[in-house]
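The lines below spell out each chain.
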Amino acid sequence: MDRNSRSALNATAKDLAFENSIDFARGLDERDPLASFRDNFLFPKEKNGKPCLYLCGNSLGLQPKRAREYVLAELDDWADLGVEGHWMARHPWLPYHEFLTEPMARIVGAKPAEVVVMNTLTVNLHLMMVTFYRPAQKRHKIIIEGGAFPSDQYAVDSQVQLHNFAARESVIELKPRDGEKTLRTEDIVATIEREGNSVALVLLGDVNYLTGQAFDLAKIAEAAHAVGANFGVNLAHGAGNLPLALHDCGVDFAVWCGYKYLNGMAGTLAGCFIHEKHVTNTELPRLCGWWGHNKEKRFEMGRNFDPIPTAEGWQLSNPPILPLAVLRASLELFDAATMPALREKSVLLTGYLEFLLDQLPDYVSITTPRNASERGCQLSLTVKGDPKSLVKTLADRNVICDFREPNIIRVAPTPLYNRFVDVFEFAQILSEHAG
Ligand SMILES: *Cc1c(COP(=O)(O)O)cnc(C)c1O
């Protein structure tokens, strides 16, 4: 990484005021030390003669160019080796998931023993709740965000019901204050304190998928632990977006998918974090499978489960290699770029988008917190008038971003492959549409 150009970008952020001009946006791109990472990705095709303006990394990341090569290598090794690919493939399949552990641990700020890539997100959430949601007569509640991602709501409700509690009594939903769109940390903490020793689990999405709000994980972990509850985090919108420090924050567990900011393709394997203070406790109840069993003895096919004393001890099955290969191609790019550098660019890129949208105060309003430390790259917008007509304009201009009923547009400039000119063009299209 070129240190001089990195600090040049830094200086821009601090010393120069943003300007609403294409030349200014181009200047930022020229000074962007991460600009060349864009060349590692494949973009959707042109439409109406317009190149794709992709702002949807919060929903599905783009394909790293090397993914194809990595997938084909595994197909070739399977063709050449059959079952022996488990040991003899260039990247042997038995430990294949281990190739992803350290890069993934760096992305979420964890120790390698705390992280495993396995299953999919909702499956991991259930597995973690089996271990970390152990309700008792008095302590049975789960605190979640009101309007959490539907899969999380269904998972939470069904876990509560599985233990013979009623969701409407045991699931506590956090709501913003009247007239506000996002949650205040002090209100989250106050709810935890109020519910006290009836709380078994606090579960938040960091970043919130709809509002783009990022939470103060350390403070919330402290509050949860003070009442004797566990703290779990769904990082579907946080992993690869924000620099995280899961270990230091004392989060008990976290789960995240590999296909949003992590560019692993739809349905690829997901991440799972279990704090060091829990992983070595082989007595913790869990659902078990042979891939969580002591690796030295796995093929002795013994009767008794002997869990690996790391996050791997929660694995069930031998994982599918092809989606792991795709994810490996992407994680290499994160390692090359590094989260701190990505975040530095991201703050500037989203800050520039915010500056440009603020020029259209009669048309757009931003729901996401204005303070960069309370958000990742995504801005959630509402627009005046019928949002469907804007959605059509965006589609005609080959802009891919995300619309959620009734009127929320989510825009996520991702620092790995988006440019400053991309956010300039997006704001320009909005401005023309607003008329
Ligand atoms: C994307 C997302 C999911 C999706 O779950 P899958 O199991 O990967 O289908 C769940 N929760 C949140 C918060 C998400 O953002």
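Residues numbered from 1 in each chain as written. Predicted model: local features only at pLDDT ≥ 70, side-chain atom pairs only at ≥ 80, totals over all residues. Heavy atoms only, no water.

1. Here we look at helix α13 (residues 321-337)
1) Next: Here α13 spans 25 Å end to end across 17 residues, near enough to the 24 Å set by a 1.5 Å rise per residue.
2) Next: A large share of α13 lies buried, amounting to twelve of its 17 residues.
3) Next: All of the buried residues in α13 are Ile 321, Leu 324, Ala 325, Val 326, Leu 327, Arg 328, Ala 329, Ser 330, Leu 331, Leu 333, Phe 334 and Ala 337.
4) Next: Summarising the contacts, the buried residues of α13 are in contact with β1 (41-42), β3 (63-64), α3 (66-81), α5 (98-108), β4 (115-118) and α14 (339-357).
5) Next: Directly beyond the C-terminal end of α13, a positive phi value near 70 degrees is found at Thr 338. (Helix = DSSP H or I, 4+ residues; strand = E, 2+ residues; numbered from the N terminus. Expected span 1.5 Å × (residues − 1). Buried < 20%, exposed > 50% of the residue type's maximum accessible area, 1.4 Å probe, protein only. Contact = heavy atoms within 4.5 Å.)

2. Considerations on the site of the ligand
1) Next: Taken together, Leu 121, Thr 122, Phe 149, Asp 152, Asn 234, Ala 236, His 237, Tyr 259 and Lys 260 make up the full set of residues adjacent to the ligand.
2) Next: For the ligand, an oxygen atom lies 2.6 Å from a polar atom in the side chain of Tyr 259.
3) Next: Between Lys 260 and the ligand, the recorded distance is 2.5 Å, taken from a side-chain N or O atom to an oxygen atom.
4) Next: Looking at the shell around the ligand residue by residue, the class counts come to four nonpolar, three polar and two charged. (Near = heavy atom within 4 Å. Polar contact = N/O pair within 3.5 Å; in protein donor to acceptor, adjacent residues only side chain to side chain. Nonpolar A, V, L, I, M, F, W, Y, C, P; charged D, E, K, R; others polar.)

3. Let's talk about empty space enclosed by the protein
1) Next: Applying the stated criterion across every chain yields a total of two cavities of 30 Å³ or more.
2) Next: Lining the largest cavity are Gly 240, Tyr 261, Asn 263, Phe 334, Leu 342, Thr 414, Pro 415, Leu 416 and Tyr 417.
3) Next: In the lining of the largest cavity, the residues fall into six nonpolar, three polar and no charged.
4) Next: When residues of the lining of the largest cavity are sorted by domain, at least three fall in each of domain 1 (3-61 + 338-434) and domain 2 (71-334).
5) Next: Here the second largest cavity is characterised by a volume of approximately 40 Å³.
6) Next: What lines the second largest cavity is Ile 144, Glu 145, Ala 148, Asp 152, Leu 203, Leu 204 and Gly 205.
7) Next: Broken down by secondary-structure element, the contributors of at least two residues to the lining of the second largest cavity are β5 (141-145) and β7 (199-205).
8) Next: Top element by residues in the lining of the second largest cavity is β7. It accounts for three residues. (1 Å grid on protein atoms, 1.4 Å probe; cavity = no way out; pocket = protein on both sides within 12 Å on 5 of 7 lines; lining within 4 Å. Points joined across faces, edges and corners; volume = space filled by probe spheres on them. Domains from an automatic or database assignment.)

4. A short note on the sheet that holds strand β14 (residues 402-404)
1) Next: Read across the open sheet, the four strands follow the order β11-β12-β15-β14; overall the sheet is antiparallel. Lying at the two open borders of the sheet, with one neighbouring strand each, are β11 (364-366) and β14. Strand-to-strand twist of the sheet, defined as the mean angle between neighbouring strand axes without regard to direction, takes the value 30 degrees.
2) Next: With three bridges joining them, β11 and strand β12 (residues 379-383) adopt antiparallel strand pairing. Across the sheet, Ile 366 pairs through a bridge with Leu 381, a residue of β12.
3) Next: Here α14 sits on the sheet and contacts β11, β12 and β15 (408-411); the angle it forms with β12, its principal contact strand, is near 15 degrees. (Pairing = 2+ DSSP bridges. Axes fitted to C-alpha atoms, helices over the stretch in contact; angles between N-to-C directions.)

5. Things to note about the side chain of Asn 208
1) Next: Examined against the element boundaries, Asn 208 turns out to sit in the loop between β7 and α10 (217-226).
2) Next: At 2.8 Å, the side chain of Asn 208 forms a polar contact with the backbone nitrogen of Leu 210.
3) Next: Setting aside chain neighbours within four positions, we find Asn 208 in contact with Glu 145, Gln 213 and Phe 215.

6. Concerning the domain arrangement of the protein chain
1) Next: By the assigned domains, the protein chain splits into domain 1 (3-61 + 338-434) and domain 2 (71-334).
2) Next: In this assembly, 28 residues from domain 1 lie in contact with 23 residues from domain 2.
3) Next: Each partner contributes to the roughly 2200 Å² buried at the junction of domain 1 and domain 2, and carbon and sulfur atoms together form 62% of this total.
4) Next: Taken as a group, Leu 60, Met 339 and Thr 367 account for 23% of the area that domain 1 buries against domain 2, more than any other trio of residues on that side. (Buried area = accessible area lost by both parts, 1.4 Å probe.)

7. Some remarks on the pairing of strand β10 (residues 270-274)
1) Next: With five of five residues buried, β10 lies mostly within the body of the structure.
2) Next: By the alternation rule, side chains of β10 split into Ala 270, Cys 272 and Ile 274 and Gly 271 and Phe 273, which are all buried.
3) Next: Relative to β10, β4 is paired through four bridges, and the arrangement is antiparallel. Bridge pairing in β10 places Val 115 opposite Phe 273.

8. A look at the layout of surface pockets
1) Next: In this structure, the largest pocket spans a volume of roughly 340 Å³.
2) Next: Leu 60, Gly 61, Leu 62, Gln 63 and Met 265 are the residues nearest the centre of the largest pocket, which is lined by 18 residues in total.
3) Next: Taken together, the elements giving at least two residues each to the lining of the largest pocket come down to β3 and α3.
4) Next: For the lining of the largest pocket, the element with the most residues is α3, which contributes four residues.
5) Next: Residues of the lining of the largest pocket, tallied by class, amount to 13 nonpolar, four polar and one charged.
6) Next: Looking at which domains feed residues into the lining of the largest pocket, each of domain 1 (3-61 + 338-434) and domain 2 (71-334) gives three or more.
7) Next: In this structure, the second largest pocket spans a volume of roughly 280 Å³.
8) Next: Looking at the second largest pocket, it is lined by 20 residues, and the ones nearest its centre are Pro 176, Lys 181, Asn 208, Leu 210 and Thr 211.

9. Topic: the nonpolar core
1) Next: Grouped together as the largest cluster of nonpolar side chains are 67 residues, with contacts concentrated most on Val 108, Phe 231 and Trp 256.
2) Next: By residue number, the principal contributor to this core is α13, which donates ten residues.
3) Next: Two domains each provide a minimum of three residues to this core, namely domain 1 (3-61 + 338-434) and domain 2 (71-334). (Core = buried A, V, L, I, M, F, W, Y, C linked by side-chain atoms within 4.5 Å.)

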